[in-house]
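# Tertiary structure, described
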Amino acid sequence: MDVETIIDKAGVKQLIAAFDLLPDILFWVKDKESRILHANQHFIEHQGYKLLEQILLKTDFDFSSKHLAFQYVNDDKRVMNGYIVTDRLELNQTSNGELAWFSTSKKMICDDDGNLLGTYGITRHLQKTSKALSHVRAIEGPVNYIREHYHRNICVEELAELAHLSVSALERRFKKHLAKTPNQFINEIRLENARKLLVETRLPISQIAYQCGFAEPSYFSKQFRRLFGEIPSQMRAHIER
């Protein structure tokens, strides 16, 4: 029996069932509306359930806090527009609510004719992978500092001194492990926190901009659109529908 015949006879369900053998991997498949179509057992338990049937056709809004759900669903939209997420380092919540490092990859799903069906992805908990964690530790100090002090002015020289590195060495490490410069990371942390305030509070948009470290609301709106695909007032309008 040739390889193609074996793969065809095995069927998709048997093949994706292999993800149940990987206890540190969250695996999921979603439709175009970001509803769960399939997930491995670890993903199901991570969301607080026992059976796949309990989460079928649910979305991230059924599992996560509102601002995180917006983040995940917006990510799905970007992927369906052709953006591929490959081994992206990010801090997310564990099943007990604590923050931990994860590595995430996502891609769109199309049928044989190229029609969009949805997305699929995997997230790996890095605390269980010592080699991956050694990579994270190379930038962990500056990253944690940025997350705590994003609302004020932070210069790259300050971060380099904190990490006991030269500025060029720090920038190389950020590029290697996060695929962005320190300043880009600072900007994205500010925008993520701004989105959280936008979703969870009724603060004026200009006040949110200032609280998150942006001196000019117009620049804040421009950067917000670049990362999330819409300006803050449009996102707030969507939330209020």
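Residues numbered from 1 in each chain as written. Predicted model: local features only at pLDDT ≥ 70, side-chain atom pairs only at ≥ 80, totals over all residues. Heavy atoms only, no water.

## Here we look at the overall build of the chain
Across its full length, the chain carries 10 helices and 5 strands. Considering only contacts in the chain between residues 6 or more positions apart, those separated by 24 or more positions represent 45%. Of the roughly 13,800 Å² that the chain leaves accessible, carbon and sulfur atoms contribute 51%. (Helix = DSSP H or I, 4+ residues; strand = E, 2+ residues; numbered from the N terminus. Contact = heavy atoms within 4.5 Å. Areas by Shrake-Rupley, 256 points an atom, 1.4 Å probe, with all protein chains shown as cover.)

## Comments concerning the pairing of strand β1 (residues 25–31)
Of all 7 residues that make up β1, 7 are buried, and the element is covered over most of its length. Burial of the side chains of β1 extends over both faces: I25, F27, V29 and D31 are buried on one face and L26, W28 and K30 on the other. Pairing between β1 and strand β2 (residues 36–39): 3 bridges, direction antiparallel. Residue pairing for β2: W28 is matched across the bridge by A39. Here β1 hands over to β2 after 4 residues, with S34 in that stretch at a positive phi of 65 degrees. (Buried < 20%, exposed > 50% of the residue type's maximum accessible area, 1.4 Å probe, protein only. Pairing = 2+ DSSP bridges.)

## Brief notes about the side chain of R195
As for its placement among the helices and strands, R195 is situated in helix α7 (residues 182–200). Not counting residues up to four positions away in its chain, the partners in contact with R195 are H67, F70, Q71, N74, F224, F228 and M235.

## A word on the packing of helix α3 (residues 66–80) against α7
Remark: α3 packs on α7, axes separated minimally by 8 Å, with the N-to-C direction vectors making an angle of 120 degrees. The angle between α3 and α7 places the two elements in the oblique class. Relative to α7, α3 is oriented so that their crossing is right-handed. Residues K66, H67, F70, Q71 and N74 of α3 lie in contact with α7, whose contacting residues are E192, R195, K196, V199 and E200. Here the residues of the contact of α3 with α7 sort into 2 nonpolar, 3 polar and 5 charged. (Axes fitted to C-alpha atoms, helices over the stretch in contact; angles between N-to-C directions. Parallel < 35°, antiparallel > 145°, perpendicular 65-115°, else oblique. Left-handed = near helix turned anticlockwise from the far one by under 90°. Nonpolar A, V, L, I, M, F, W, Y, C, P; charged D, E, K, R; others polar.)

## Considerations on the pattern of salt bridges
In the structure shown here, the tally under the stated rule is 9 salt bridges. Its salt-bridge partner being D76, residue K30 comes within 3.0 Å of it at the nearest N-O pair. Taken together, the positions of K30 in strand β1 and D76 in helix α3 put the pair 46 residues apart, joining distant regions of the chain. Residue classification places D76 among the buried positions, given a relative accessible area of 1%. Put simply, K30, D60, D75, D76 and K106 are held in one network by salt bridges that share partners. (Salt bridge = Lys/Arg side-chain N within 4 Å of Asp/Glu carboxyl O.)

## A closer look at the packing of helix α6 (residues 167–178) against α7
Between α6 and α7, the shortest axis-to-axis distance is 9 Å and the interhelical angle comes to 60 degrees. Looking at the two axes, α6 sits oblique to α7. Contacts between α6 and α7 pair L170, E171, F174, K175 and L178 from the former with P182, Q184 and F185 from the latter.

## Some words on α6
Here α6 contains 12 residues, and its C-alpha end-to-end distance of 16 Å stays within 8% of the 16 Å for a straight helix at 1.5 Å per residue. Restricting attention to buried positions, one finds in α6 the residues A169, L170, F174, H177 and L178. Seen along its axis, α6 keeps its buried residues to an arc of 135 degrees; they face one direction. Of the residues in α6, the exposed ones pointing more than 90 degrees away from the buried face are R172 and K176. Phi for A179, located one or two positions after α6, is positive at around 60 degrees. (Expected span 1.5 Å × (residues − 1). Arc of directions from axis to C-beta.)

## Quick look at the environment of E158
Tracing the sequence through the fold places E158 in helix α5 (residues 156–163). Residues E158 and P142, spaced 16 residues apart in sequence, show a C-alpha to C-alpha distance of 9.1 Å. In contact with E158, not counting residues within four places along its chain, are Y145, R152 and N153. Side chain to side chain, E158 and R152 meet in a polar contact 2.7 Å long. (Polar contact = N/O pair within 3.5 Å; in protein donor to acceptor, adjacent residues only side chain to side chain.)

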